[in-house]
Amino acid sequence: MGFGDLKKKEGLSVLNAYLADKSYIEGFQPSQADAVVFDALSGPPSADLENALRWYNHINFTGRKKDLSAYGPAGSGAPAAGGDDDDDDDDIDLFGSDDEDAKAERERRLAEYAAKKAKKPALIAKSSLLLDVKPWDDETDMAELEKCVRTIEADGLLWGASKLVPVGYGIRKLQINAVIEDDKISTDFLEDEITKFEDYVQSMDIAAFNKI
């Protein structure tokens with residue numbers, strides 16, 4: 001297994017043919033194998049060896065090498081001299097540190113994004129309501145009716161302005177604004193609470209409902 005002498009035309013031709021359908025010596029990304037083979041070359045391949053030249057220009061780095069015979073197609077030439085199995089334990093992973101740096105940077109940015117998102121206040125969905133609260137008759141104490149309505153307190157409920165609106169025959173209804181947090185207060189809750197004051201309230205209707 002090997003490319004042969006990559007300082008000679010014959011070895012470079014084997015490398016060129018090997019790279020015809022590959023971008024790297026091994027796998028689908030630069031690895032130590034590319035560093036080893038690159039270091040075995042004396043310089044860039046000639047222009048007629050376009051696959052090898054493309055690869056050379058793309059890699060363009062140096063690194064400590066394993067035995068060259070560990071790479072390339074089987075039976076392509078003699079193993080390169082100078083290999084030492086004992087050197088394998090001392091090999092430098094030229095891309096490992098880059099991968100670790102990229103991973104650390106990615107994790108740092110994700111942590112920053114998560115922290116920024118955590119600090120950002122969550123959007124609270126709210127609605128503005130206009131309620132019509134109708135009394136039983138024209139003798140109903142409307143001031144007391146409104147007072148009763150405003151005694152209703154709950155997290156996510158805020159009462160607003162109000163007014164009395166004539167409906168006929170001397171009867172007036174209470175029209176009152178309320179702002180609610182949608183996740184905490186429902187219109188059913190308001191109706192149940194308001195109509196509990198049955199001595200004053202005949203019914204409650206929603207005259208207007210708007211999202212804020």
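The notes below deal with the structure included here.

Basis of the calculations
Residues numbered from 1 in each chain as written. Predicted model: local features only at pLDDT ≥ 70, side-chain atom pairs only at ≥ 80, totals over all residues. Heavy atoms only, no water. Helix = DSSP H or I, 4+ residues; strand = E, 2+ residues; numbered from the N terminus. Polar contact = N/O pair within 3.5 Å; in protein donor to acceptor, adjacent residues only side chain to side chain. Contact = heavy atoms within 4.5 Å. Buried < 20%, exposed > 50% of the residue type's maximum accessible area, 1.4 Å probe, protein only. Arc of directions from axis to C-beta. Salt bridge = Lys/Arg side-chain N within 4 Å of Asp/Glu carboxyl O.

**Here's the deal with the side chain of Ser 127**
Within the fold, Ser 127 resides in strand β1 (residues 126-135). At 2.7 Å, the side chain of Ser 127 forms a polar contact with the side chain of Asp 182. The contact partners of Ser 127, leaving out residues within four places of it in the chain, are Ala 178, Val 179, Ile 180, Asp 182, Phe 209, Asn 210, Lys 211 and Ile 212.

**Structural notes on helix α3 (residues 50-59)**
Listed in full, the buried residues belonging to α3 are Asn 51, Ala 52, Trp 55, Tyr 56 and Ile 59. On an axial view of α3, the arc spanned by its buried residues comes to 130°, and they lie on one face. For α3, exposure combined with an orientation more than 90 degrees from the buried face picks out Glu 50 and Asn 57. Tucked into the core, α3 has its buried residues touching α1 (9-18) and α2 (32-40). The positive-phi residue at the C-terminal boundary of α3 is Asn 60, with phi of around 45°.

**Some thoughts on the pattern of salt bridges**
This model, assessed by the stated rule, comprises twelve salt bridges. For the salt bridge of Asp 21 with Lys 22, the shortest nitrogen-to-oxygen distance reads 3.2 Å. Looking at Asp 21, the relative accessible area reads 64%, which means it is exposed. A residue is classified by how much of its surface remains accessible, and Lys 22, at 29% relative accessible area, is partly exposed. Residues Lys 211 and Asp 182 are paired through a salt bridge, measuring 2.6 Å at the closest nitrogen-oxygen approach. Taken together, the residues span a long stretch of sequence, with Lys 211 in strand β4 (residues 201-211) and Asp 182 in the loop between β3 (171-181) and α6 (187-194) at a distance of 29 residues. Among the charged side chains, a network of salt bridges with common partners joins Glu 105, Arg 108, Arg 109 and Glu 112.

So yeah, pure geometry; function would need other evidence.
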